[in-house]
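Tertiary structure, described
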Amino acid sequence: MLLLKYVAAVAACACIATVVPVRADAALPTVPSGFRIDVVAQISGPRELVALPDGDLIVGTSSSDVYVLPNAEGTTPGTPRVFATANDELASGVAFSARHKEIYIATNEHVWATRYVPGRRRAGALNSIAKVRTGPVAPHSDGDVHKTTSVAFSDASNMLYIGVGSSCNACVEVDPTRASILTLPGGRGALHKIATRIRNAIAMTISPGNALWVGDAGQDSLPFGHPFEFLDDVTSHPPVADYGWPVCEEDHVRYSSSAISCNSTVAPLAELPAYSTIIGAIFYPTSSAGRYSFPAKFRGALFAAAHGSWHTTGGGYAAAPQVAFFAMHGDQPAIPVDWENSSAQWRTFVGGFQNGTQRIGRPTGLAIGKEGSLFVADDDAGVIYRVRPNK
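Bear in mind that the values here come from a model prediction, so they are computed numbers and not experimental data.

1. Section: the confidence of the model for the chain
Confidence in the prediction for the chain averages 92 pLDDT; 93% of positions are at 70 or higher. Below pLDDT 50 for its whole length, residues 1–24 participates in 52 contacts with residues either more than four positions away or in separate chains.

Have a look at this one:
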């Protein structure tokens with residue numbers, strides 16, 4: 001039986017949304033047998049997600065607004081509303097620290113912190129704790145300037161991680177904060193670089209083993225089908241880890257005559273096909289007592305949201321939007337990377353977004369709720385999906 005699903009259509013005031021019913025026969029992505037997927041909110045341009053201990057869901061967006069979805073795990077979630085408005089564009093990155101009781105918001109040029117108060121649906125003061133993109137765009141930029149910033153917080157390490165995209169598709173950066181991953185110990189003080197020459201590390205998440213995993217969106221100028229797009233445990237490499245962009249990719253492959261050697265660059269642990277455009281990533285908890293906990297085979301698994309490509313081949317797009325599932329053994333993929341087959345390590349978990357040149361959506365951010373549900377943002381359809389076992 002199809003249930004009536006409620007979503008929120010953003011009102012003109014952009015403060016509180018009005019609730020309207022979605023057609024019961026509206027197209028939905030597909031999920032494996034034993035699971036169900038529902039639309040739980042409609043928010044314009046949702047990007048990264050973070051679940052809070054009180055059951056609310058924080059939603060970064062492609063505007064200056066960050067939303068909150070109250071009681072996201074509830075039978076009928078609350079009405080989404082603006083949680084905070086940053087004094088900067090692209091408030092897409094969000095993170096949470098239980099240790100510091102803070103919510104972090106990452107915009108084009110800043111990382112902001114605001115106090116977390118359980119049940120509070122409007123943020124207090126936003127304090128700028130870091131500034132990024134402090135230098136110019138690369139002098140020979142091809143115009144493909146990436147403006148989003150991503151964040152993740154490790155309470156165990158007391159570390160805020162910041163991913164900053166490049167100012168081009170392929171160039172040599174002059175701004176040391178771009179195309180890099182930075183750290184801010186305790187969420188305050190001086191920035192430190194731990195990874196460089198990483199084109200656009202949008203997806204960022206902390207593993208159950210307390211490692212920082214990132215997903216990168218690769219460059220477009222190489223022979224069709226390359227480079228494979230990767231996820232990797234950045235903290236497994238001594239700083240500053242060199243990911244080689246734009247001259248070295250994949251398994252130390254030299255893609256430019258300007259690369260003398262690629263031997264010292266990182267060969268990542270997990271791969272998706274070229275042009276997948278990895279936007280979100282999340283590990284499922286190794287132990288979960290929530291009402292909607294996933295079966296045991298998913299515990300500790302890595303989920304990655306692929307936005308899909310704008311590149312076309314034959315009768316459709318080269319890479320489909322999807323949420324992919326990687327089985328893991330700790331911080332190692334259960335299936336080792338296969339440099340001849342970028343589809344060897346993963347399976348589609350949420351699919352059905354694409355049929356030829358037709359799409360019903362493109363997933364972005366991911367989060368695991370307090371009761372075990374998987375939340376998926378979709379900035380093309382402008383919705384938040386909730387995936388949980390049939391129980």
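2. Overview of unusual backbone geometry
Note that the residue after His 226, namely Pro 227, is joined by a cis bond; omega there is 0°. Among the structural elements, Pro 227 can be located in the loop between strand E17 (212–215) and strand E18 (229–233). Trp 245 connects to Pro 246 through a cis peptide bond whose omega is 0°. Assignment of secondary structure puts Pro 246 in the loop between strand E19 (241–242) and strand E20 (248–249).

3. Some remarks on the packing of aromatic side chains
This structure, assessed with the given rule, holds 18 aromatic pairs. Connected via pairs of aromatic rings, a cluster forms that spans Phe 35, Tyr 284, Phe 294, Phe 298, Phe 303, Phe 325 and Phe 349. Sitting above the plane of the Tyr 317 ring, Arg 359 keeps its charged end 3.6 Å from the centroid. When the ring centre of Tyr 292 is taken as reference, the NZ or CZ atom of Arg 388 above it lies at 3.3 Å.

4. Focus on the state of the cysteines
Chemically, a disulfide is nothing more than a covalent bond linking the sulfur atoms of two cysteines. Applying the stated criterion across every chain, the model contains 2 disulfides. A sulfur-sulfur distance of 1.9 Å marks the disulfide that ties Cys 168 to Cys 171. Judged by the sign of its S-S torsion, about -85°, the bond between Cys 168 and Cys 171 is left-handed. This pair shows no difference in class: Cys 168 is buried, exactly as Cys 171 is. Numbered in order of appearance, the disulfide-bonded cysteines of the chain are paired 1-2, 3-4.

5. Concerning the side chain of Glu 102
Note that Glu 102 resides in strand E9 (residues 102–106). A distance of 2.8 Å separates a polar atom in the side chain of Glu 102 from a polar atom in the side chain of Tyr 104. Here Arg 188 takes part through its side chain, which lies 2.5 Å from a polar atom of the side chain of Glu 102.

6. Notes on the pairing of strand E6 (residues 65–69)
The element E6 is extensively covered by neighbouring structure, given that 5 of its 5 residues are classed as buried. The alternating pattern of E6 places Asp 65, Tyr 67 and Leu 69 on one face and Val 66 and Val 68 on the opposite face, and all of these are buried. The antiparallel pairing of strand E5 (residues 57–61) with E6 creates a hairpin that spans 3 residues between the two strands.

7. Focus: the sheet that holds strand E30 (residues 347–350)
One open sheet holds the 4 strands; their spatial order is E23-E24-E27-E30, and the pairing between them is antiparallel. Each edge of the sheet is formed by a strand with only one pairing partner; in this case those strands are strand E23 (278–283) and E30. Here the average twist between neighbouring strands, direction ignored, is 30°. For E23 and strand E24 (residues 302–306), the ladder comprises 5 bridges, and the chain directions are antiparallel. Bridging from a neighbouring strand, Ile 278 pairs with Ala 306 of E24.

8. Focus on the environment of His 140
Residue position: His 140 is located in the loop between strand E11 (127–131) and strand E12 (149–154). His 140 gets classed as exposed once you look at its relative accessible area, which sits at 71%. For the pair His 140 and Ala 319, spaced 179 residues apart in sequence, the C-alpha to C-alpha distance is 29 Å.

Analysis parameters
By convention here, each chain's residues receive numbers from 1 onward along its written sequence. Owing to the predicted nature of the model, reporting of local features is limited to residues with pLDDT of at least 70; listing and counting of side-chain atom pairs is limited to 80 or more, with chain, interface and lining totals taken over all residues. Hydrogen atoms and water are omitted, and side-chain values are computed over all heavy atoms in the structure. The pLDDT value tells you how sure the predictor is about a given residue, anywhere from 0 up to 100. Contacts: residue pairs with any heavy atoms within 4.5 Å of one another. Where helices and strands are cited, they refer to DSSP runs of H or I of at least four residues and of E of at least two residues respectively, numbered from the N terminus. The criterion for an aromatic pair is that two Phe, Tyr or Trp rings (for Trp, the six-membered ring) have centres within 6.5 Å, with stacked assigned to planes under 30 degrees apart, edge-to-face to planes over 60 apart and tilted to the rest. For a ring to carry a charge above it, either NZ of a lysine or CZ of an arginine must fall within 6 Å of the ring centroid while also lying within 35 degrees of the normal to the ring plane. Here, the term disulfide refers to a pair of cysteine sulfur atoms separated by no more than 2.5 Å. Burial here depends on accessible area, computed with a 1.4 Å probe over protein chains only, as a share of the maximum for the residue type. Under 20% is buried, over 50% is exposed, and the range in between is partly exposed. Here a polar contact means two N or O atoms within 3.5 Å. Within protein one must be a hydrogen donor candidate and the other an acceptor candidate, and residues neighboring in sequence count only if both atoms are side-chain atoms. For two strands to pair, DSSP has to find at least two bridges joining them. Orientation is described by axes fitted as lines to C-alpha atoms, over the contacting stretch for helices, and by angles from 0 to 180 degrees between their N-to-C directions.

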